[in-house]
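Structural features, examined
Each chain, letter by letter, is given below.
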Amino acid sequence: MQRVFYCLLLLTGFFTAGFAAFVYAREDPAAAGPIADLLTVSSADYYQALIAEVAGNWQNYGQLFTTLQGQWFWKASLLTITVVPGLFLLHYLVIGAKHFDQGGEQVLFFPLLTRVVHFFGALSFSLLVLTGLMIVFGKYIGGGTLIRSARYVHLLSAMVFVVPACMMLVIWPKDMLPRRHDIAWLVLLGGYLSRRKKPVPAGKFNAGQKMYFWSVTLGGAVMAFTGYVIWGMGADVESVRLAAIMHNTLGMGLLAFYLTHLYMAVFAIAGSLQSMKSGYKPKEEVDILHSRYKYQQGQEAKRRF
Amino acid sequence: MARVKFLCDVERCIDCSGCVVACKEGHHVPVGVNRRRVITLDQGKSGEKSISVSCMHCADAPCIAVCPVDAIYQRDDGIVLVNKKTCIGCGYCFMACPFGAPQFPKGNIFGARGAMDKCTFCAGGPEENFSTEEKRLYGQNRIAEGKVPLCAGMCATKALLAGDADVVADVYRERVFQRGSGVNAWGWSKAYGKE
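Here we summarise the structure given alongside this text. (Residues numbered from 1 in each chain as written. Chains lettered and ligands numbered in written order. Predicted model: local features only at pLDDT ≥ 70, side-chain atom pairs only at ≥ 80, totals over all residues. Heavy atoms only, no water.)

**What about the interface of chain B and chain A?**
A common measure of how large an interface is: the accessible area buried when the components associate. Put simply, the rule reads: Contacts between residues were defined by any pair of non-hydrogen atoms, one from each residue, lying within 4.5 Å. By convention, the term buried area covers the 1.4 Å-probe accessible surface removed from two parts as they join, with the contributions of both added. Definition used for salt bridges: Asp or Glu carboxyl oxygen within 4 Å of a side-chain nitrogen of Lys or Arg. A 3.5 Å cut-off defines polar contacts: any pair of N or O atoms within that distance qualifies, except that in protein one atom must be a possible hydrogen donor and the other a possible acceptor, and neighbouring residues in sequence count only when both atoms are side-chain atoms. Numbering of helices and strands runs from the N terminus; a helix is a DSSP stretch of H or I covering at least four residues, while a strand is a stretch of E covering at least two. When residues are sorted by character, Ala, Val, Leu, Ile, Met, Phe, Trp, Tyr, Cys and Pro go into the nonpolar class, Asp, Glu, Lys and Arg into the charged class, and all the rest, Gly among them, into the polar class.
Contact with chain B, which involves 43 residues of that partner, is made by 46 residues of chain A. When the two sides are added together, the surface that chain B and chain A hide from each other amounts to roughly 3,600 Å², 66% of it contributed by carbon and sulfur. Of all residues in chain B, L41, M95 and F110 of chain B give up the largest surface area on contact with chain A, accounting jointly for 19% of the area buried on that side. One can count 1 salt bridge joining chain B with chain A. Two residues, K139 of chain A and D70 of chain B, come together in a salt bridge whose shortest N-O distance is 3.5 Å. Counting across the interface, chain B meets chain A through 13 residue pairs in polar contact (both at pLDDT 80 or more). Of all elements in the fold, only β2 (36–41), β3 (49–54), α2 (62–66) and α3 (92–96) of chain B reach the threshold of two or more residues within the side of chain B that touches chain A. Here the side of chain B that touches chain A is built from residues that sort into 24 nonpolar, 10 polar and 9 charged.

This is the structure in structure tokens:
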């Protein structure tokens, strides 16, 4: 009888100890951290715990960044700087530039302040595009001091560009707000697909200019922020990766817009570069390309600025 | 040609950071730049493990893929090296690297990053072997001297192995056969526990 009692007591003790050990073992890994039981699991799990400590979750954005930067960004940039100008060349050859009577009556379109703001914006943005492309295609230019300098110029131009971009946001937003006739302008593609001088629906700025304006100012803000993160790496590595992806993707979009704006200003509308210097546009051009714009004529216009 | 490899045996690494100090001292690596680091997981908890991490000289290295100026290249023996004269310090390699290996010296103009610096497997760089230029930019070239990298050479517990991949794998396999790995590896209970 006594032996049976002892056996039962021992068995109960064993079971209690076993149960306690089981519970402890189940709770312990959670309390101890990610790798307390790492060596009972696969080495891949161990690697993941390690890498999270070293370089963030690489599979999150690291892999994406590697694929995009290694294979796609430069190809897409190359496509942008060949296809977009290629299409414009075709347009120039087939349809040609729009010519307006430069000698006729003139309308003050861009007062002095806007011209100065636009000049600094154009200069710094052009430098941003140029140096950005130099970095993207650095391997074909040899890298080294030249591309390193391009990065410094990229940073300086960005700092300069912030000022005119902010001023544009003060001067132009009213004229840049989307209107209903902008849809008609987009459907017509601004009338650039025909040689006829038929008035197109646009206010002071057409839908294309509005799109460019908002992508350069609001998109520019995103570019400035992500660029700042990339430059200083003042964030965890995953955010820096995401910032680099955003910066390069958005950058290509802005590049396409920039090339379009450049083509319009330099080639598509004869004398348009001149009007950005003098501020005056031929009345004929305004009546056709900005048919909804209520401009002031004569002496009254000159007094506005 | 043989391919080189680093292997850190986590059962042996004791977090002494000797490899880090040897590397920094031997190559005169500037302050703030670490070509090698010891990472400790679950510090102070049961199951704490340390591992020495540097450039792993990947077979399909992401840093080479993303470099916009082709400053990074791979030798036939697998060693990944950087040409500091071509590097523009953009930091893409750091973003692409799963080991956080690329490092950048600070203090340049406009707070820009200097040329990327990382583990060379003690194989110098693209400059002429044993030239002063190579020593100044990349540190010692022990591979050309026929020696193992400094970190592995000085590792007191021989946790860090470096060299021909096949030989390194053989050494490690032998160890695992003798002592087991993971929970079966040696430790306190194996050393002091009763039979």
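**Things to note about the environment of V107 of chain A**
Residue and element names in this part refer to chain A. Inspection of the secondary structure assignment puts V107 in strand β1 (residues 106–108). Separated by 176 residues in sequence, V107 and K283 place their C-alpha atoms 5.6 Å apart. Apart from residues no more than four positions distant in its own chain, V107 is found in contact with G279, Y280, K281, K283, V286 and Y295.

**Regarding a nonpolar patch on the surface**
All names here are of chain A. Formally: Patch definition: residues with relative accessible area over 30% and no salt bridge; like charges joined within 9 Å; nonpolar side chains (Val, Leu, Ile, Met, Phe, Trp, Tyr) joined within 5 Å. Using a 1.4 Å probe, accessible areas were evaluated by the Shrake-Rupley method; residue-level cover was limited to the displayed protein chains.
On the surface, a nonpolar cluster with roughly 1,100 Å² of combined accessible area is contributed by L79, V83, L87, L89, L90, Y92, L93, V94, L262, V266, F267 and L273. Elements supplying a minimum of two residues to the nonpolar patch: α3 (58–94) and α10 (237–268). If you tally residues by element for the nonpolar patch, the top one is α3, at 8 residues. Among the structural elements, L273 can be located in helix α11 (residues 272–278).

**Observations concerning the packing of helix α4 (residues 112–136) of chain A against helix α6 (residues 145–171) of chain A**
Residue and element names in this part refer to chain A. What counts, and what does not: Note on definitions: angles span 0 to 180 degrees between N-to-C directions of axes, and those axes are lines fitted to C-alpha atoms, for helices only across the stretch in contact. Any angle that is under 35 degrees is reported as roughly parallel, and any over 145 degrees as roughly antiparallel; angles of 65 to 115 degrees are reported as roughly perpendicular and all others as oblique. Crossing handedness: left-handed means the near helix sits turned counterclockwise from the far one by under a right angle, and right-handed means the same turn made clockwise.
Running from amino to carboxyl end, α4 crosses α6 at an angle of 150°, the nearest separation of the two axes being 7 Å. In terms of orientation, α4 lies roughly antiparallel with respect to α6. Considering only the axes of α4 and α6, their crossing is left-handed. Counted by class, the contact of α4 with α6 contains 19 nonpolar, 8 polar and 1 charged residues.

**So, helix α6 (residues 165–179) of chain B**
Residues and elements named next belong to chain B. Rules: Here the expected span of a helix is defined as 1.5 Å times the quantity of residues minus one. Remark: exposure states derive from per-residue accessible area (1.4 Å probe, protein chains only) relative to the maximum for the residue type, with buried under 20%, exposed over 50%, and partly exposed in between. Of all possible arcs, the one meant is that of the directions from the helix axis to the C-beta atoms.
With 15 residues, α6 extends 21 Å between its outermost C-alpha atoms, agreeing within 8% with the 21 Å of an ideal straight helix rising 1.5 Å per residue. If you check which residues of α6 are buried, you get A165, V168, R175 and R179. All buried residues of α6 lie within an arc of 100° about the axis, which places them on one face of the element. Exposed positions of α6 whose direction lies more than 90 degrees from the buried face are D166, V167, E174, F177 and Q178. If you check the start of α6, you find a side-chain oxygen 3.0 Å away from the backbone N of D166, and it comes from D164. Of the residues flanking the end of α6, it is G180, one or two places downstream, whose phi is positive at about 80°.

**Examining the packing of aromatic side chains**
Residues and elements named next belong to chain A. Here is the rule: Whether two aromatic rings pair depends on their centres lying within 6.5 Å, for rings of Phe, Tyr and Trp, where Trp uses its six-membered ring; planes under 30 degrees apart make the pair stacked, over 60 edge-to-face, and the rest tilted. When the NZ atom of lysine or the CZ atom of arginine is within 6 Å of a ring's centre and also within 35 degrees of its normal, the charge is said to sit over that ring.
One pass over the full model with this rule turns up 17 aromatic pairs over all chains. For the ring pair W74 and Y140, a centre distance of 6.3 Å and an interplane angle of 50° mean the geometry is tilted. Here W74 is found in helix α3, whereas its partner Y140 is found in helix α5 (residues 138–141), with 66 residues between them in sequence. Between F137 and Y140, the ring centres sit 6.5 Å apart and the planes meet at 45°, which makes this aromatic pair tilted. Judged by relative accessible area, which is 55%, Y140 ranks as exposed. Here the aromatic cluster, defined as three or more aromatic residues joined through ring pairs, consists of F109, F110, W172, F205, F213, W214 and Y293. One Lys or Arg, K75, reaches over the ring of W72 and ends 5.0 Å from the middle of that ring. Against the face of F109 rests K281, its NZ or CZ located 5.3 Å from the ring centre.

**Notes on the environment of R75 of chain B**
Residue and element names in this part refer to chain B. Looking at the element boundaries, R75 is found in the loop between β4 (72–74) and β5 (80–82). Residues R75 and R3, 72 residues apart in the sequence, show an inter-C-alpha distance of 9.5 Å. With near-sequence residues (within four places) excluded, R75 lies in contact with L81, A123 and I143.

**Looking at the pattern of salt bridges**
Residue and element names in this part refer to chain B. Per the stated rule, a full pass over the model turns up 17 salt bridges over all chains. When the shortest N-O distance is used, the salt bridge between K85 and E127 registers 3.3 Å. Remark: E127 occurs in the loop between α3 and α4 (132–138) and K85 occurs in the loop between β5 and α3; sequence separation between them is 42 residues. Across the pair R136 and E133 runs a salt bridge whose closest N-O atoms are separated by 3.2 Å. Of this pair, R136 and E133 both sit in helix α4, 3 residues apart, roughly one helical turn. Using a relative accessible area of 59% as the deciding quantity, one classes R136 as exposed. You can call E133 partly exposed: its relative accessible area is 25%. Because the salt bridges share partners, they merge into one network encompassing D9, R12, R175 and R179.

**Considering the nonpolar core**
The cut-off we apply is this: Nonpolar cores are built from buried Ala, Val, Leu, Ile, Met, Phe, Trp, Tyr and Cys residues. Side-chain atoms within 4.5 Å join them into one set.
Counting residues in each nonpolar core, the largest one holds 32 residues, and the members touching the most others are L50 of chain A together with F6, I51 and L160 of chain B. For this core, the elements supplying multiple residues, two or more each, are α2 (43–55) of chain A together with β1 (4–8), α1 (18–27), β2, β3, α5 (150–154) and β6 (160–164) of chain B. For this core, the leading source of residues is α2 of chain A, giving 5 residues. Excluding residues that lie within four positions of it along the chain, F6 of chain B makes contacts with R36, S54, C55, M56, H57, C119, F121, P149, C151, L160, L161 and A162 of chain B. Judged by nonpolar contacts, the second largest core, of 30 residues, contains A244 of chain A together with C67, V69 and V80 of chain B.

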